[in-house]
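A look at the structure
So you can see what is in the structure, the chains are spelled out below.
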Amino acid sequence: MMSVQRNGAFQEYLVIDSREASRIPDEMAFETAAPLACAGITVWRGILQAELKPGQWIGLVGSGGGLGHLGIQFAKARGLKVVGVDARDESIALSRETGADIVLDARLGKEEVARQAWEATGGKGVDASLTLSDAKMAAATACAITRNHGTMVQIALPPEVSIPFSEYIFRDIRVKGSFLCSQKEAEEMLQCVVDHDIKIEKNIFHGLDQVPTAVEMLRTGGYRGKGVIVIEGA
């Protein structure tokens, strides 16, 4: 629970339980593997939790972020069709670049986004959705674009998740929470990256003294994808 209960791993060495370690494929560079140890395993399990079959629709709210741009590519690799939803021009562009079939602008509001999503999916809505954004309306938007009796997987970690009661009661949306992969799931994800040539947007920072810069850029939306700290001399 390092990511939510105590400070993380910005250090030269870290002792971990070998049962939670995954072997990196020979074809993969460390700079590629680094963001997959967080963003990759998180969004990969969310897609697994959606329990969809090839040809079905999945919606990603927060599709152009560090998790979302990977989620789009993972979903496509598994044969799914993707509706991406995001609220920044750069994120909308990245959603398109990484293969989303439909990309919607969250700034239009929940009702309009839902209308467009249902229209794009033949009036049915997506079969499942992932909430990757901690924006106040993100979870409600994810439910709104999801078909009746469909599944919404909550991955983002806002202080509170707000969903209208009508989504639970009148439309029977099933809500799941998802955190991290098992070792086996992580290794399957890593192999998927190799087999499908998944592109990872990386922002490389050299040296621990660059950590504050990286964190501030993340806070202000200063880079696309994920940040990677390269420890000098490692």
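This report concerns the structure included in the present document.

Criteria and thresholds
Residues numbered from 1 in each chain as written. Predicted model: local features only at pLDDT ≥ 70, side-chain atom pairs only at ≥ 80, totals over all residues. Heavy atoms only, no water. Pairing = 2+ DSSP bridges. Helix = DSSP H or I, 4+ residues; strand = E, 2+ residues; numbered from the N terminus. Axes fitted to C-alpha atoms, helices over the stretch in contact; angles between N-to-C directions. Contact = heavy atoms within 4.5 Å. Buried < 20%, exposed > 50% of the residue type's maximum accessible area, 1.4 Å probe, protein only. Salt bridge = Lys/Arg side-chain N within 4 Å of Asp/Glu carboxyl O. Phe/Tyr/Trp six-rings, centres within 6.5 Å; stacked < 30°, edge-to-face > 60°. Lys NZ or Arg CZ within 6 Å of the ring centre and 35° of its normal. Core = buried A, V, L, I, M, F, W, Y, C linked by side-chain atoms within 4.5 Å.

Okay, the sheet that holds strand β3 (residues 102–105) next. Strand-to-strand pairing in sheets goes through backbone hydrogen bonds, with the strands running parallel or antiparallel. The strand order across the open sheet formed by six strands is β3-β2-β1-β4-β5-β6, and the pairing between neighbours is parallel. Two strands lie at the open edges of the sheet, namely β3 and β6 (174–177), each paired on one side alone. Here the average twist between neighbouring strands, direction ignored, is 20°. Note: strand β1 (residues 57–61) against strand β2 (residues 81–86), five bridges, orientation parallel. Bridge pairing in β2 links G59 to V83. Sheet strands touched by helix α4 (residues 89–97): β2 and β3. Its angle to β3, the strand with the most contacts, is close to 170°.

Bringing the side chain of T32 into the picture now. Among the secondary structure elements, T32 is positioned in helix α2 (residues 30–50). Under the relative-accessibility criterion, T32 is labelled buried at 19%. Discounting chain neighbours no more than four positions away, the residues touching T32 are I200 and K202.

Looking now at the pattern of salt bridges. Summed over all chains, the structure comprises 17 salt bridges. The shortest N-O distance in the salt bridge between R88 and E90 comes to 3.6 Å. On the basis of relative accessible area, E90 is assigned to the partly exposed category, the value being 43%. A salt bridge links K110 to E111; its shortest N-O distance comes to 3.5 Å. Among the charged side chains, a network of salt bridges with common partners joins D89, D105 and R107.

For the rest of this paragraph, the subject is the packing of aromatic side chains. The full count for this structure, using the stated rule, is three aromatic pairs. Centroid distance F165 to F170: 5.7 Å. Interplanar angle 70°. Geometry classified as edge-to-face. The exposed category is assigned to F170, whose relative accessible area is 62%. Above the ring of W44, the side-chain terminus of R78 is found at 5.5 Å from the ring centroid.

Before going further, it helps to examine the nonpolar core. Formed by 35 residues in total, the largest nonpolar core has its most connected members in L36, I58, L70, F74, L130, M189 and V193. Secondary structure elements with two or more residues in this core: α2, β1, α3 (68–77), β4 (126–131) and α8 (183–195). Aside from chain neighbours lying at most four places away, what touches F74 is L36, G40, V43, W44, I47, M189, C192, V193 and I198. Among the nonpolar cores identified, the runner-up in size contains 18 residues, and A114, A139, A142 and A144 belong to it.

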